[in-house]
Every structure is written in structure tokens, then in C-alpha cells.
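A look at the structure
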Amino acid sequence: MSTAAFKVIDKPIYFNDALEAQSYAKNNPGTAIIRAEAQMKVSMQHRPTSILEYLNKSIIAQDEAKKEIAVAMYYHSLKIKYDMARELDSSAPLMLIGPTGSGKTFIVQQACSLIDTLYMHVDTSSMVSEGIVGYNIGKLAADILKKADFDIKKAEYAVVFFDEMDKLFHPDNDEYGSEVSHQLLRFIEGTTVNIPKQDLLGQEDGATLSTDKMQFILGGAFQWILDKKAKVTQTKNMGFLNNSKNTVQSDLKVVTLEDLYEEDVPKELLGRMHTIVNLYALTQEDYYKILTQSNKSPIQEFIDKVRFHGDDVVIDEDVIEAIAEYAAKSDLGVRSIRQILKKLFAQVLFLAPEAGNKTHHITYKKEDFMQRNVRSSIDIKDFK
């Protein structure tokens with residue numbers, strides 16, 4: 001933090017010299033100004049370490065991404081609390097690159113929940129350019145303001161996650177992607193969006209929303225870049241590959257800033273990018289830990305629904321192991337777990353509201369998982 005000689009009591013307003021402080025006090029009768037310490041002491045409820053600790057309780061693996069988001073969210077919350085923190089270079093966009101179901105959205109969502117900051121998720125693949133009927137940056141600004149309950153400050157400090165960014169820059173999507181991406185770039189660089197009253201439900205007048213103070217996170221898989229790198233690598237000398245197998249395999253799983261420069265990603269956007277973090281496909285062991293160790297375990301959510309009615313559930317260990325194995329083989333990542341659980345618990349959730357305390361026993365048949373046709377076998381018995 002920069003030094004300051006004077007500050008307004010109970011407000012994050014600071015002055016470097018006595019004349020500035022005196023002028024402010026004169027123009028704001030009743031204001032009390034005191035001499036500040038040479039170095040401001042920052043008092044924050046959450047710091048990067050505590051944010052990371054919180055994320056670790058619910059999110060398995062993806063350590064680099066969690067750490068980067070923890071730092072970004074700390075400095076964003078610092079900017080909200082202290083006016084002078086706005087001068088810190090803390091609001092540049094971050095890009096999270098990883099396959100579907102690797103946790104990109106969930107990491108950001110959980111961090112925003114902890115620091116109590118408005119979180120807005122945007123599927124950029126559904127956006128259209130201005131002048132075309134559909135979801136554009138004007139409607140996005142309206143949605144942010146509505147989600148903030150028309151609290152302007154809360155809206156202007158929102159964390160906005162632009163997901164599916166890779167679809168804008170795919171080689172097969174040149175014209176559309178270029179139009180939308182350049183409008184998003186203006187939104188990200190900082191602008192004031194005029195929101196017409198028809199986009200603000202029940203509001204008599206339109207509104208304006210500044211995007212200067214928002215924190216932007218960009219996400220996407222960019223799988224075609226990884227596929228292209230793998231194809232190019234396959235044409236190289238096999239002896240070299242054999243001698244450098246570990247390094248090459250590691251490089252093939254990473255999308256770098258240089259890779260994006262070679263594609264049609266706007267150079268202006270890449271120039272503003274704070275950092276790029278690659279997330280990786282989760283392993284079977286990771287999925288098992290998600291099911292058994294995360295405090296956001298999808299299994300626990302379903303169990304809680306059953307226990308709400310006074311019933312209980314017994315799940316065989318091989319069921320959990322099979323779910324982890326199935327998720328690791330799925331293209332949907334973590335999202336595939338919920339699909340499996342919905343099928344496993346379908347009959348349980350149907351029977352749980354019936355009178356009488358019951359135990360529901362969920363067993364497993366491997367062939368059902370392999371055929372992607374999951375069924376649950378239920379044993380019901382009264383509690384004694």
C-alpha cells in the first residue's frame with residue numbers, strides 16, 4: 001500500500017499532505033481527520049492463505065488454479081474496501097483453461113461466496129453482437145445490476161466469469177467470434193454501459209453501469225489447440241520424442257500465451273491478460289476424493305435429501321469406486337457424477353417421503369455403469 005499522512009475517521013479516504021486534508025474537511029463539515037500511520041495497516045477478513053484453505057475444503061486438485069484465484073479474489077476484495085488499493089494492478093483478467101468438468105467455474109464461484117462478492121456466470125457462446133436480437137453486453141449489464149438488487153456499488157465490483165471463450169475463437173467461428181469478442185473486450189477494458197428501461201424489470205428509468213472496477217475471469221477448453229499441438233508433435237522425430245517423453249507429454253497438455261497468439265484471439269485481450277492457468281482432467285483418485293472428502297460432495301447432497309425425511313442411506317464402497325471410475329472415463333468430468341447419482345437415487349428419493357423410517361441400501365452392478373444405464377437396488381427395512 002502507498003503511504004498516507006492523514007485519513008478520514010471511519011472512512012477509507014487518505015491524504016498525502018495537510019493542505020489536501022484541510023481542503024477536504026472544509027468542504028465536508030463535521031468530518032474528522034486524523035494523522036495516519038506512515039504505512040497503512042490492512043485489515044481484511046480473508047487473505048490469500050485463508051481463501052485457499054477454504055477452497056481446499058471443497059475442491060480437490062487444481063492447486064495452481066486455486067492459488068491464483070485466491071490471490072485475485074483477495075486483491076479484488078481489497079480494492080472494494082480501500083479506495084487507495086485501486087491503484088494496485090490487481091484487476092487484470094485471468095484465463096482458466098481446462099476441459100469440461102475440471103472445476104473452472106466452481107473454483108471462482110466458491111471464492112466469491114467466501115468474500116461475499118457478486119458472481120456472474122456468462123456463457124459467451126450464447127451471446128450475440130450489438131444490434132442483433134439476443135443476449136448482448138447491454139443485457140449482461142442489466143443482469144448484473146438486477147442480480148445486485150440494483151445496488152450500484154455491488155454491481156460495479158462484480159466478478160464476471162466469461163465461460164466458453166474458446167468457442168468465440170475457434171477457426172470455424174471467425175466472423176461471429178470476432179464481432180462478439182471485440183465487444184467483450186470493450187466491456188473488459190472498462191466502459192459505461194447504458195441500460196434501457198425495457199431491460200430493467202419494473203424500473204421506470206434506464207440506468208448506467210461502469211465496468212472499470214469489475215474482476216473478469218475468462219474460461220475455456222481450447223481443445224483444438226491441444227489437438228493441433230499433439231498432431232504437430234507426432235510428425236517430429238520419434239527418437240527425439242523418446243528421449244524427451246515426459247517434457248513433451250507435459251507440454252501437450254498446456255495452452256500457453258504463445259499458443260493463443262498464434263490463433264485468432266484478439267491481441268488487445270491477450271495484452272491485458274494477467275495470467276493463464278491450465279487445469280487438468282481429474283483422475284479416478286481425484287473423483288474418489290471429491291465423493292468422500294470434499295465438504296461439497298455430490299453424494300452428501302443426495303443423502304441429505306433422504307435424511308430430511310427421517311430415512312437413511314447405505315452405499316456400498318464399490319458403488320463409490322465405480323462412480324469415480326465412470327467419471328474419469330466421461331467427457332463431462334465432475335458433471336457426470338451428478339448424472340450417475342440421479343439415476344442411483346431415483347427410487348430412493350421417490351420412496352423417502354413415505355411414512356416410516358427406512359434404510360435404503362444402494363448396491364452396484366458393474367455392467368450397468370459400463371452401459372451407462374445406472375440402476376439402484378434398494379433394500380427397505382424399518383429401524384428398530
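Look a little higher up for the structure.
A brief look at the structure comes next. In every chain, residue numbers begin from 1 and rise along the written sequence. The predicted nature of this model means local features are confined to residues of pLDDT at least 70 and side-chain atom pairs, given and counted, to a pLDDT of 80 or more, with totals for whole chains, interfaces and linings taken over all residues. Side-chain metrics in this entry use all non-hydrogen atoms of the structure; hydrogen atoms and water are not considered.

On to the overall build of the protein, then. In terms of regular secondary structure, the protein is built from 18 helices and 13 strands. For each residue, the accessible area found with a 1.4 Å probe, counting protein chains only, is set against the maximum for its type, and the residue is called buried under 20%, exposed over 50%, and partly exposed in between. Counting all 384 residues of the protein, 45% fall into the buried class. In the protein, the share of contacts with a sequence separation of at least 24, taken over all contacts with a separation of at least 6, comes to 71%. The Shrake-Rupley method, run with a 1.4 Å probe, gives the accessible areas here. Residue values count only the displayed protein chains as cover. By element, 49% of the accessible surface of the protein is carried by carbon and sulfur atoms, the whole surface being about 20400 Å². Labels follow the DSSP assignment, with helices taken as runs of H or I lasting at least four residues and strands as runs of E lasting at least two, numbered in each case from the N terminus. Residue contacts follow a heavy-atom distance rule, with two residues in contact if any of their heavy atoms lie within 4.5 Å.

Judged by pairing direction, the sheet is parallel, and its five strands sit side by side in the order 5-6-9-4-10 without closing on themselves. The sheet terminates laterally at strand 5 (119–123) and strand 10 (275–278), the two strands that pair on one side only. Across the sheet, the mean angle from the axis of one strand to that of its neighbour is 20°, orientation sign disregarded. As paired strands, strand 6 (residues 159–163) and strand 9 (residues 215–220) are joined by four bridges and run parallel to one another. Its bridge partner lying in strand 9, Val159 is registered against Gln215. A fitted line through C-alpha atoms serves as each axis, taken over the contacting stretch for helices, and the angle formed by two N-to-C directions is quoted from 0 to 180°. Where helix 5 (residues 137–147) meets the sheet, it contacts strand 5 and strand 6, and its direction lies at approximately 150° from that of strand 5. One requirement defines pairing of two strands: DSSP has to find at least two bridges between them.

Moving on to the environment of Lys81. Its place among the elements puts Lys81 in helix 3 (residues 63–81). Sequence-wise, Lys81 and Met44 are 37 residues apart; in three dimensions their C-alpha atoms are separated by 8.5 Å.

Bringing the packing of aromatic side chains into the picture now. Note on ring pairs: Phe, Tyr and Trp rings are taken, using the six-membered ring of Trp, and paired if centres are within 6.5 Å. Classes follow the plane angle, with under 30 degrees stacked, over 60 edge-to-face and the rest tilted. Scanning the model with the defined rule gives six aromatic pairs in all. For the ring pair Phe162 and Phe216, a centre distance of 5.9 Å and an interplane angle of 15° mean the geometry is stacked. Taken together, the positions of Phe162 in strand 6 and Phe216 in strand 9 put the pair 54 residues apart, joining distant regions of the chain. Phe216 carries the same exposure label as Phe162, and that label is buried.

To continue, consider the side chain of Lys66. Among the structural elements, Lys66 can be located in helix 3. Look at Lys66 and you get buried, because its relative accessible area is 2%. Of the polar contacts made by the side chain of Lys66, one reaches the backbone oxygen of Ile59; its length is 2.9 Å. Ignoring anything within four residues of it in the chain, the contact list for Lys66 reads Leu52, Leu55, Asn56, Ile59, Ile60, Ala61 and Ile107. Each polar contact in these results corresponds to two N or O atoms within 3.5 Å; when the atoms are within protein, one needs to be able to donate a hydrogen and the other to accept it, and residues that are neighboring in sequence are counted only if both atoms are side-chain atoms.

All right, on to the packing of helix 13 (residues 284–292) against helix 15 (residues 317–329) then. Two elements in contact, helix 13 and helix 15, have axes separated by 8 Å at closest approach and are oriented at 130°. By the angle between their directions, the pair helix 13 and helix 15 is classed as oblique. The way helix 13 lies across helix 15 gives a crossing that is right-handed. Here Gln284, Tyr287, Tyr288, Leu291 and Thr292 of helix 13 come into contact with helix 15, specifically with Glu317, Ile320, Glu321, Ile323, Ala324, Glu325, Ala327 and Ala328. By definition in this entry, angles of less than 35 degrees are roughly parallel, angles greater than 145 are roughly antiparallel, angles of 65 to 115 are roughly perpendicular, and the rest are oblique. Handedness of a crossing is defined here by the sense of rotation of the near helix relative to the far one, left-handed for an anticlockwise turn of less than a right angle and right-handed for a clockwise turn.

The next subject is the pattern of salt bridges. The salt bridge criterion pairs a side-chain nitrogen of Lys or Arg with a carboxyl oxygen of Asp or Glu, the two atoms within 4 Å. Going through the model one piece at a time under the given rule, you end up with 11 salt bridges. The closest approach of N and O atoms between Lys146 and Asp143, which form a salt bridge, is 3.5 Å. A residue pair is termed a helical-turn pair when its members lie 3 or 4 positions apart in one helix, as Lys146 and Asp143 do in helix 5 at three residues. Judged by relative accessible area, which is 26%, Lys146 ranks as partly exposed. Close ionic contact of Lys329 with Glu325 constitutes a salt bridge, the shortest N to O distance being 3.1 Å. In this pair, Lys329 and Glu325 both sit in helix 15, four residues apart, roughly one turn of the helix.

A word on unusual backbone geometry. Unlike most non-glycine residues, Ala61 shows phi in positive territory, near 65°. By secondary structure assignment, the location of Ala61 is in the loop between helix 2 (48–58) and helix 3. Exposure remark for Ala61: the relative accessible area of 23% places this residue in the partly exposed category. The backbone of Phe222 shows a phi angle near 50°, a positive value even though the residue is not glycine.

With that out of the way, let us pick up helix 3. For an α-helix the count is 3.6 residues per turn, leaving residues at separations of three or four pointing the same way. A helix is expected to reach a length of 1.5 Å times the quantity of its residues less one. The end-to-end C-alpha distance of helix 3, which contains 19 residues, comes to 27 Å, matching closely the 27 Å that a straight helix rising 1.5 Å per residue would cover. Every buried residue of helix 3 is listed here: Ala65, Lys66, Ile69, Ala70, Ala72, Met73, Tyr74, His76, Ser77, Leu78 and Lys79. In this structure, the buried residues of helix 3 make contact with helix 2, strand 4 (94–97), helix 4 (104–115), strand 6, strand 9 and strand 10.

This part takes up the side chain of Thr124. Its location among the elements puts Thr124 in the loop between strand 5 and helix 5. There is a polar contact of 3.1 Å between the side chain of Thr124 and the backbone oxygen of Glu164.

Where helix 2 meets helix 4, the axes come as close as 10 Å, and the angle between the chain directions of the two elements is 125°. Looking at the two axes, helix 2 sits oblique to helix 4. Crossing angle aside, the handedness with which helix 2 passes helix 4 is right-handed. Across from Ser50, Ile51, Tyr54, Leu55 and Ser58 in helix 2, the residues of helix 4 making contact are Phe106, Ile107, Gln110, Ala111, Ser113, Leu114 and Ile115. For this scheme, ten residues count as nonpolar: Ala, Val, Leu, Ile, Met, Phe, Trp, Tyr, Cys and Pro. Four count as charged, namely Asp, Glu, Lys and Arg, and the remainder, Gly too, count as polar. Its residues placed into classes, the contact of helix 2 with helix 4 shows eight nonpolar, four polar and no charged.

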